Amino acid sequence: MRTSQNGIKLITSFEGCYTKAYWDKYGKEWTIGYGHTGPDVFEGKIITSAEADELLKKDLIKFEEYVNNKQYVPFQLNQNQFDALVSFTYNTGPGNLKKLVAGRNLPQIAEELLEYKRSKGKILKGLLRRREEERKLFLTGTITNPQPAKKYESKKNDSISNIPIGEFTFHMETILEWTPINSFFFLGDYNNNGHLDLYYIKTSCPEFVEIHVLNGDKNYKEFLLQIQTPLKEEGADFDYCLGDYNHDGFLDLFCIKKNKTGTKKTEVHILSGKSGFKEFIFQKETALHETDNNSKFCVGDYNGDGNLDLFYISKQNNASKHTEVHILKGCDEYQSFHLHGETILGETNDDWDFGVSNYISGRNKDIYCIKKRIENENNKCTEVHILNGLTNYRDFAFQTQTKLHETDERFDFYPIDKQLFIICKQGASNTTEIHAIKV
């Protein structure tokens, strides 16, 4: 990743441009241009503004290398976070970058930036202003061109027909502060009042997994449910899905235990929504071998028989060299398969997320493939590619770029018909945010 114009603007605004070499009393060395130092700088040296710009471009490269180095910064950064850390490193050096990041997550790094405001033990106003601007840029997240927030109601008269494809239809901050990267989010009508509620599956708990349901009717500013479940992850890899397993009108939580099962099979454990997720209504090994984090699980009625089937999407390391989909039958408790198939999509990785919903009217569910990052310097955005269920995912039903910039592990995606809902776990508002795009 390279520094953007926003990052360069931040650096130059604080460094200032000096075309004549000066003695830096803090760094104890001759300095010229935008903070450039080295054996080529000496008393009396003079350069032009254009030469100062060229020196800055060359100097930035070495600092960008530190921020791109996973030994220094073991995170996938967005552009603003990257720019902020380059500015910080340019000013304080790579040693302080390593110290800043060590043992901290992204929210903690943002707060720790403000501690680097001293020189020789004295707080300098200029350093404090710079740290505040770097922190502001670091937290400037994620959604561009926001529209005014409005409440989403899943009612027949709620129309998005006039909104162009790829544009935002919805923005909302929630009562939740920033939530962990390893948490899971889903949308569904918890209390059958016609509004989409937000299900927050908190896995970073000392013992048992927790479920928190936010009230969509109250703009996600209050809770409908906060409960500790009987599920323990105990070091295994889990995936989660939401759906009405037993047709009782309540959304149940599918807990997919991928490995460390003892049976050497992927297992399904379903918590009853009717019981407030306090009881299991189904626990069984499946016909699928143990799986890993190169996969995604979703539920949906593949063949229209009224049962929720289990979609196993294998991203990579497949013999076909394509992303594959394997669908376990809900009608026989996931002991056999509806489908084993390669898709038209090549192998994928952590830059992709997946969901299941109906884009085309028909029996088979379509698979929404969300490409979070694209290799296009001129148009960094999130893309949506929808695999056609009617052809067993051998072609695309729809493909589009969106108004959402490129995304990362802080984002969960949840398709519902013609909308793609986006859960930003660490939003610019310092909350967990919900957004939606028309597809």
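A brief structural summary.

Scoring rules and cut-offs
Residues numbered from 1 in each chain as written. Predicted model: local features only at pLDDT ≥ 70, side-chain atom pairs only at ≥ 80, totals over all residues. Heavy atoms only, no water. Helix = DSSP H or I, 4+ residues; strand = E, 2+ residues; numbered from the N terminus. Buried < 20%, exposed > 50% of the residue type's maximum accessible area, 1.4 Å probe, protein only. Contact = heavy atoms within 4.5 Å. Salt bridge = Lys/Arg side-chain N within 4 Å of Asp/Glu carboxyl O. Axes fitted to C-alpha atoms, helices over the stretch in contact; angles between N-to-C directions. Parallel < 35°, antiparallel > 145°, perpendicular 65-115°, else oblique. Nonpolar A, V, L, I, M, F, W, Y, C, P; charged D, E, K, R; others polar. Pairing = 2+ DSSP bridges. Polar contact = N/O pair within 3.5 Å; in protein donor to acceptor, adjacent residues only side chain to side chain.

Details of the overall build of the chain
Helices and strands together make up the secondary structure of the chain, namely 6 helices and 24 strands. Dimensions along the principal axes, computed over C-alpha positions, put the chain at roughly 85 × 50 × 40 Å. Looking at the chain as a whole, 51% of its 439 residues qualify as buried. Taking all contacts inside the chain whose residues are at least 6 apart in sequence as the whole, residues at least 24 apart take part in 50%.

Focus on the pattern of salt bridges
By the definition in use, this model includes 14 salt bridges. Glutamate 333 is paired through a salt bridge with lysine 284; the nearest N and O atoms lie 2.7 Å apart. Residue glutamate 333 is located in the loop between β16 (322-328) and β17 (337-346), and its partner lysine 284 is located in strand β13 (residues 280-289); the two are separated by 49 residues in the primary sequence. Exposure remark for glutamate 333: the relative accessible area of 33% places this residue in the partly exposed category. A single salt-bridge network, built from bridges that share partners, covers Glu15, Arg130, Arg131 and Glu134.

Regarding the packing of helix α3 (residues 79-92) against helix α4 (residues 94-101)
Running from N to C, α3 and α4 cross one another at 130°; their axes reach a closest spacing of 7 Å. It follows from the interaxial angle that α3 and α4 lie oblique. In this structure, α3 contributes Leu85, Phe88, Thr89 and Thr92 to the contact, and α4 contributes Pro94, Asn96, Leu97 and Leu100. Here the residues of the contact of α3 with α4 sort into 5 nonpolar, 3 polar and no charged.

Description of the sheet that holds strand β18 (residues 352-357)
Ordered in space as β18-β19-β20-β21, the 4 strands form an open sheet in which the pairing is antiparallel. Every interior strand has two partners, whereas the edge strands, β18 and β21 (396-405), have only one. Put simply, the sheet's adjacent strands are angled 20° from each other on average, direction ignored. The pairing of strand β20 (residues 381-387) with β21 spans 6 bridges and is classified as antiparallel. Its bridge partner lying in β21, isoleucine 386 is registered against phenylalanine 398.

Points about the pairing of strand β22 (residues 411-416)
With 5 of 6 residues buried, β22 is to be regarded as a mostly interior element. With 6 bridges connecting them, β22 and strand β23 (residues 419-424) associate as antiparallel partners. When the bridges of β23 are listed, aspartate 412 appears paired with isoleucine 423.

Section: the environment of arginine 373
Secondary-structure assignment places arginine 373 in the loop between β19 (366-371) and β20. Among the residues examined, arginine 373 registers a relative accessible area of 17% and is labelled buried. Measuring from C-alpha to C-alpha, the distance between arginine 373 and glutamate 383 comes to 7.9 Å, with 10 residues separating the pair along the chain. In this view, arginine 373 contacts Gln76, Asp351, Glu406, Thr407 and Asp408; residues no more than four positions away in its chain are not counted. In terms of polar contacts, arginine 373 uses its side chain to reach the side chain of aspartate 351, at 2.3 Å. Polar side-chain contacts of arginine 373 include one of 2.8 Å to the backbone oxygen of threonine 407.

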